[in-house]
Structure formats: C-alpha cells, structure tokens
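# Structure assessment
Given next are the chains, with one letter for each unit.
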Amino acid sequence: MVVRIPIEDWIDLHTFSPKEITPLLEDYLTECQKKGFSEVRIIHGKGKGVQRKIVHSFLEKSPLIESFQDA
C-alpha cells in the first residue's frame, strides 16, 4: 500500500514499522533534497532504540547525508 505524506523539513517515524524505515528515508530525503531543504529533522522516538539504530545506520551510509546529530 502506498501512503502519501507531505514533504516537509521533518518526519515523524512513530507510525512506521522498522522494516519500512530505510526505504521511506531514502525516498523522503531524496524528495527533501529536490525541495532544497538543507536540514531535515527525523523523529524516531526513544523506546528500545530499534528505530534509532536503523535511522543512524541509514544516515551513516547514505550519500544524501553530509552530517547528522541527535537533538
């Protein structure tokens, strides 16, 4: 199922399952780049840290990312 979400300079991942995060971030950040955003806030939550690990792993490897930090 395709879910349409608005492209803004932030995204909240709470409603997405861990398996959806990597492809979602790839597509979302590509669209953010097209819109000219130089920074994007990714809200992954605290919990057990599963989403945080997935997000950090993606960000470390992605050519779209210059740098990142925790808020």
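Anyway, here's the lowdown on the structure attached to this text. Only a predicted model underlies this, so the values are computations on that prediction, with no experimental measurement involved.

For the rest of this paragraph, the subject is the environment of Asp9. Along the chain, Asp9 turns up in the segment before strand S1 (10-12). Using a relative accessible area of 42% as the deciding quantity, one classes Asp9 as partly exposed. Sequence spacing of Asp9 and Ile42 is 33 residues, and the spatial spacing of their C-alpha atoms is 8.7 Å.

This part takes up the packing of helix H1 (residues 18-35) against helix H2 (residues 50-61). Contact geometry of H1 with H2 gives a least axis separation of 10 Å together with a crossing angle of 40°. One way to sum up the angle between H1 and H2 is to call them oblique. With respect to the hand of their crossing, H1 and H2 are arranged in right-handed fashion. Of the residues in H2, those in contact with Pro18, Ile21, Thr22, Leu25, Glu26 and Leu29 of H1 are Val50, Gln51, Ile54, Val55, Phe58 and Leu59. Partitioning the contact of H1 with H2 into residue classes produces 9 nonpolar, 2 polar and 1 charged.

Cut-offs and rules
- Residues numbered from 1 in each chain as written.
- Predicted model: local features only at pLDDT ≥ 70, side-chain atom pairs only at ≥ 80, totals over all residues.
- Heavy atoms only, no water.
- Helix = DSSP H or I, 4+ residues; strand = E, 2+ residues; numbered from the N terminus.
- Buried < 20%, exposed > 50% of the residue type's maximum accessible area, 1.4 Å probe, protein only.
- Axes fitted to C-alpha atoms, helices over the stretch in contact; angles between N-to-C directions.
- Parallel < 35°, antiparallel > 145°, perpendicular 65-115°, else oblique.
- Left-handed = near helix turned anticlockwise from the far one by under 90°.
- Contact = heavy atoms within 4.5 Å.
- Nonpolar A, V, L, I, M, F, W, Y, C, P; charged D, E, K, R; others polar.

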